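Structural features, examined
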Amino acid sequence: MAGNKRQVQEINAGSMADIAFLLLIFFLVATTMNVDTGIARMLPPMPPENQKVEDVKVKERNLMLVLVSGNGSIMMGIPGKQEIVDLRQIKDKVKEFILNPMDDPEYPEKKDVEIALPDGSKWVYPESQGVVSLQTTRDTGYKVYIMVQNEITRAFNEVRDEVSMKKFNAKFADLNEELRKAVTTAIPPKLSEAEPRNIKK
């Protein structure tokens with residue numbers, strides 16, 4: 001009886017290890033991974049160690065406060081005249097604040113700056129002294145914070161586009177590096193991101 005039992009043939013598993021290795025290499029090469037790039041922000045250089053740091057004082061008319069609370073509500077306006085706004089209103093309100101087209105005495109002052117152009121000529125532009133101060137509470141969500149920050153950045157970008165079209169008949173992104181630098185000097189991104197604060201309930 002024992003002689004009638006058929007022996008089970010062994011499976012050669014040597015090649016299976018090679019196939020598994022090749023599949024692993026394929027998936028590593030073919031798979032794309034999302035990389036968090038963070039927020040593109042040019043930080044100012046560190047001041048010298050012996051330099052005395054003083055608080056920067058800004059006139060009330062030159063300051064626009066944007067407060068994002070923990071429940072996602074947004075308040076913005078000049079000090080003492082803030083109101084609740086929708087996310088879609090931020091860009092236009094910031095643009096109006098920066099440009100102050102009607103020279104409203106409650107909106108930012110303007111100071112003529114002389115900007116050197118690549119052709120050797122000088123361009124005098126009334127630079128806004130306005131500063132947008134973005135403030136949050138400690139329970140403000142990251143998502144709404146980034147959305148508000150993006151709207152403020154869009155406002156500065158659109159103002160640059162409008163000034164570029166008026167002065168150089170081209171959008172900001174289409175200018176060469178020297179002209180972009182000139183427009184950035186005329187419309188600097190004056191965005192102050194204050195330290196989160198606690199709000200008493």
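Refer to the structure printed above.
No experiment lies behind these values; they were computed from the predicted model shown. (Residues numbered from 1 in each chain as written. Predicted model: local features only at pLDDT ≥ 70, side-chain atom pairs only at ≥ 80, totals over all residues. Heavy atoms only, no water.)

Details of the sheet that holds strand S2 (residues 74–77)
We apply this condition: Pairing between strands is defined by DSSP: at least two bridges between the two strands are required. A run of H or I in DSSP becomes a helix once it reaches four residues, and a run of E becomes a strand once it reaches two; helices and strands are each numbered from the N terminus. Only the stretch in contact is used when a helix axis is fitted, and all axes are lines through C-alpha atoms; the angle between N-to-C directions ranges over 0 to 180 degrees.
Here 5 strands make up an open sheet; going across it, the order is S3-S2-S1-S6-S7 and the pairing mixed. A strand with exactly one partner marks an edge of an open sheet, and here the two such strands are strand S3 (83–85) and strand S7 (191–193). The mean angle between the axes of side-by-side strands here comes to 25°, regardless of whether they run parallel or antiparallel. Strand direction decides the pairing type here: strand S1 (residues 63–68) and S2, joined by 4 bridges, are antiparallel.

Notes on the packing of aromatic side chains
Quick note on the threshold: Only Phe, Tyr and Trp rings are paired, with Trp represented by its six-membered ring, and only when their centres lie within 6.5 Å; those with planes under 30 degrees apart are stacked, over 60 edge-to-face, the remainder tilted. Under the scheme applied here, a residue whose accessible area is under 20% of the maximum for its type counts as buried, over 50% as exposed, and between as partly exposed, the area being computed with a 1.4 Å probe on protein chains only. For a lysine, the NZ atom is tested; for an arginine, the CZ atom; a charge sits over a ring if that atom is within 6 Å of the ring centre and within 35 degrees of the ring normal.
Applying the stated criterion to the full structure yields 4 aromatic pairs. Measuring from centroid to centroid gives 5.7 Å for Trp-123 and Phe-168, while their planes differ by 80°, and the two rings are edge-to-face. Of the two residues, Trp-123 sits in strand S5 (residues 122–128) while Phe-168 sits in helix H3 (residues 142–168), which places them 45 residues apart along the sequence. Owing to a relative accessible area of 21%, Phe-168 belongs among the partly exposed residues under this scheme. Every member of this aromatic cluster is reached through a ring pair, and the members are Trp-123, Tyr-125 and Phe-168. The cationic tip of Arg-160 hangs over the ring face of Phe-172; the distance from NZ or CZ to the ring centre is 5.5 Å.

Re unusual backbone geometry
A positive phi is found at Asn-100, a non-glycine position, where the angle reads about 40°. Mapped onto the fold, Asn-100 is located in the loop between helix H2 (87–99) and strand S4 (110–116).

Here's the deal with the pattern of salt bridges
Operational definition: Within this document, salt bridges are pairs made up of a side-chain nitrogen of Lys or Arg and a carboxyl oxygen of Asp or Glu, the two lying within 4 Å of each other.
Overall, the coordinates contain 11 salt bridges when judged by the stated rule. For Glu-162, the salt bridge is made with Lys-95, and the minimal N-O distance between the two is 2.6 Å. A residue pair is termed long-range when its members are at least 10 positions apart, and Glu-162 in helix H3 and Lys-95 in helix H2 qualify at 67 residues. With relative accessibility at 12%, the residue Lys-95 sits in the buried group.

Side note on the side chain of Ser-69
Where we set the bar: Polar contacts here mean pairs of N or O atoms no more than 3.5 Å apart (in protein, one a potential hydrogen donor and the other a potential acceptor; neighbouring residues in sequence count only if both atoms are side-chain atoms). Note on contacts: a residue pair is in contact if any heavy atoms of the two residues lie within 4.5 Å.
Along the chain, Ser-69 turns up in the loop between S1 and S2. Only 2.5 Å separates the side chain of Ser-69 from the side chain of Asn-71, close enough to count as a polar contact. Looking at Ser-69, its side chain comes within polar contact range of the side chain of Ser-73, at 2.6 Å. Setting aside residues up to four positions removed in sequence, Ser-69 forms contacts with Thr-137 and Thr-140.

With respect to the packing of H2 against H3
Selection criterion: Any angle from 65 to 115 degrees is called roughly perpendicular, while one under 35 is roughly parallel, one over 145 is roughly antiparallel, and all others are oblique. Helix crossings fall into two classes, left-handed where the near helix is turned counterclockwise from the far one by less than a right angle and right-handed where it is turned clockwise. Each residue gets one of three labels, nonpolar for Ala, Val, Leu, Ile, Met, Phe, Trp, Tyr, Cys and Pro, charged for Asp, Glu, Lys and Arg, and polar for the others, Gly among them.
Orientation of H2 relative to H3, taken along the N-to-C sense of each, is 45°, at an axis distance of 8 Å. It follows from the interaxial angle that H2 and H3 lie oblique. You can see that H2 and H3 cross each other, and the crossing is right-handed. Within the contact between the two elements, H2 uses Leu-87, Ile-90, Lys-91, Val-94, Lys-95, Ile-98 and Leu-99 and H3 uses Met-147, Val-148, Glu-151, Ile-152, Arg-154, Ala-155, Phe-156, Glu-158, Val-159 and Glu-162. The residue inventory of the contact of H2 with H3, partitioned by class, reads 11 nonpolar, no polar and 6 charged.

What about helix H4 (residues 177–186)?
Test applied: What the arc describes is the spread of directions from the helix axis to the C-beta atoms.
Among the residues of H4, those classed as buried are Leu-179, Ala-182, Val-183 and Ala-186. Seen from one end, H4 has its buried residues packed into an arc of 95°, which puts them on one side. For H4, exposure combined with an orientation more than 90 degrees from the buried face picks out Glu-177, Glu-178 and Lys-181. Residues of H4 that are buried sit in contact with S4, S5 and H3. With a side-chain oxygen positioned 3.1 Å from the backbone nitrogen of Glu-178, the residue opening H4 is Asn-176.

A look at the pairing of S4
When S4 meets S5, the two strands line up antiparallel, connected through 7 bridges. Each residue of the ladder has a partner; that of Ile-115, found in S5, is Trp-123.

Some words on the nonpolar core
Generally speaking, nonpolar side chains in soluble globular proteins are found buried as a group. Keep this limit in mind: Put simply, buried Ala, Val, Leu, Ile, Met, Phe, Trp, Tyr and Cys residues joined by side-chain atoms within 4.5 Å make one nonpolar core.
Ranked by internal contacts, the top residues of the largest apolar core, which has 36 residues, are Val-66, Ile-90, Val-94, Trp-123, Tyr-125, Val-148 and Ile-152. Mapped onto this core, the elements with two or more residues apiece are S1, S2, H2, S4, S5, strand S6 (131–136), H3 and H4. What Ile-90 contacts, discounting residues up to four positions off in sequence, is Ile-74, Met-76, Val-85, Val-148, Glu-151 and Ile-152.

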